[in-house]
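Chain by chain, the residues run as shown.
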Amino acid sequence: AQTVTQSQPEMSVQEAETVTLSCTYDTSESNYYLFWYKQPPSRQMILVIRQEAYKQQNATENRFSVNFQKAAKSFSLKISDSQLGDTAMYFCAFMKHVNNAGNMLTFGGGTRLMVKP
Amino acid sequence: DSGVTQTPKHLITATGQRVTLRCSPRSGDLSVYWYQQSLDQGLQFLIHYYNGEERAKGNILERFSAQQFPDLHSELNLSSLELGDSALYFCASSVGRYDTQYFGPGTRLTVL
């Protein structure tokens, strides 16, 4: 079974600064996908970024980028130029690529990020 | 707005009762997933349907069941409700089985 660990329960950052959220995972699969979702106070789950394990290039979406280290099974999220609207719970998630079976997300416990003005 | 709709938004009921949660996936999405988010268990996968067929079951109790209809909407049925079933229930959808899952706004269930 896969496990996803987020070792930082809470973090804070000043507006306009950069912050990095950590995520490690454990799997014996070689083909899989990794995601970061954010959950603001509205409780909506919003996709931030997706990474395919077979791609060596780190994914980037505007101010959000990842540092994917496959050998170390590490998948950190960097938020640049933090904005007040980035305040949310951030979840790291793993999905394995399995034919003829369900492809569920396995989530970490989350990191609560507070952006301070 | 992800394009995934869930009804109702809130549900308050008593122990022992039965409720049905409804999910409409994004247009064109064939996969529907159900997840439960509770304070003590975090976010947990319940069940996955693909084009009407059950594909995987996670930590879903026997008191819970689901189905996906020909129009691809899905329903999650929770019966003999207990206090511990109080949680936020999310539906997510994706085009296929390896695609990104987009989440609905959730149904908050409170069992009194």
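Note that the structure is a prediction, hence the values are computed from the model and not measured.

> Before we move on, can you summarise the overall build of chain A with the specific residues and values?
Broken down by element type, chain A carries 0 helices and 12 strands. Starting at the N terminus and ending at the C terminus, chain A contains elements arranged as β-β-β-β-β-β-β-β-β-β-β-β. For chain A, the C-alpha radius of gyration of 14 Å lies close to 13 Å, the compact-globule estimate for 117 residues. Overall, the C-alpha framework of chain A stretches about 45 × 30 × 20 Å when taken along its three principal axes.

> Hey, could you go over the packing of aromatic side chains for me, with residue numbers and the actual values?
Given two aromatic rings, their pairing is described by the distance between the two centres and the angle made by the two planes. All names here are of chain A. Inspection of every chain in the model, using the stated rule, returns 16 aromatic pairs over all chains. Judged by centre distance (6.1 Å) and plane angle (55°), the rings of Tyr37 and Phe107 are tilted. Here the residue Tyr37 occupies a position in strand β5 (residues 32–39), and Phe107 occupies one in strand β11 (residues 106–107), the gap between them amounting to 70 residues.

> Give me the lowdown on the nonpolar core, citing residues and values where you can.
In terms of nonpolar packing, the biggest core is built from 25 residues, with Tyr25(A), Trp36(A), Phe75(A), Leu77(A) and Tyr90(A) touching the most fellow members. Elements with a minimum of two residues in this core: β3 (19–21), β5, β6 (46–52), β8 (64–69), β9 (74–79), β10 (88–96) and β12 (111–116) of chain A. Excluding residues within four positions of it along the chain, Tyr25(A) makes contact with Thr3(A), Val4(A), Tyr32(A), Leu34(A), Phe68(A), Gln69(A), Lys70(A), Lys73(A), Ser74(A), Phe75(A) and Phe94(A). Tyr33(A), Phe35(A), Met104(A) and Leu43(B) belong to the second-largest nonpolar core, a separate cluster that totals 21 residues.

> Describe the state of the cysteines, listing the residues and the values that go with them.
Residues and elements named next belong to chain A. Summed over the entire model, instances satisfying the criterion amount to 2 disulfides over all chains. One disulfide bridge connects Cys23 with Cys92, the sulfur atoms lying 2.0 Å from each other. Every disulfide takes its handedness from the sign of the S-S torsion; for Cys23 and Cys92 that torsion is -70°, giving left-handed. With Cys23 in the loop between β3 and β4 (24–26) and Cys92 in strand β10, the pair connects residues that are 69 residues apart, well separated along the chain. Pair check on accessibility: Cys23 and Cys92 agree, each one buried.

> Give a detailed account of the sheet that holds strand β3 (residues 19–24) of chain B, specifying residues and quantitative values.
All names here are of chain B. One open sheet accounts for 4 strands, arranged β1-β3-β8-β7; its pairing is antiparallel. Among the strands making up the open sheet, the edge pair consists of β1 (5–7) and β7 (64–68). Within this sheet the neighbouring strands show an average axis-to-axis angle of 15°, counted without direction. Here β3 runs beside strand β8 (residues 74–78); their pairing, made up of 5 bridges, is antiparallel. Directly across from Val19, in β8, lies its bridge partner Leu78.

> Provide a residue-level description of the side chain of Arg63(B), including the pertinent values.
Residues and elements named next belong to chain B. By secondary structure assignment, the location of Arg63 is in the loop between β6 (53–57) and β7. Side-chain polar atoms of Arg63 contact the backbone oxygen of Ser80, separated by 3.0 Å. Setting aside residues up to four positions removed in sequence, Arg63 forms contacts with Asn77, Leu78, Ser79, Ser80, Leu81, Glu82 and Asp85.

Rules used throughout
Residues numbered from 1 in each chain as written. Chains lettered and ligands numbered in written order. Predicted model: local features only at pLDDT ≥ 70, side-chain atom pairs only at ≥ 80, totals over all residues. Heavy atoms only, no water. Helix = DSSP H or I, 4+ residues; strand = E, 2+ residues; numbered from the N terminus. Rg over C-alpha atoms; globule rule 2.2 N^0.38 Å. Phe/Tyr/Trp six-rings, centres within 6.5 Å; stacked < 30°, edge-to-face > 60°. Core = buried A, V, L, I, M, F, W, Y, C linked by side-chain atoms within 4.5 Å. Buried < 20%, exposed > 50% of the residue type's maximum accessible area, 1.4 Å probe, protein only. Contact = heavy atoms within 4.5 Å. Disulfide = S-S within 2.5 Å. Pairing = 2+ DSSP bridges. Axes fitted to C-alpha atoms, helices over the stretch in contact; angles between N-to-C directions. Polar contact = N/O pair within 3.5 Å; in protein donor to acceptor, adjacent residues only side chain to side chain.

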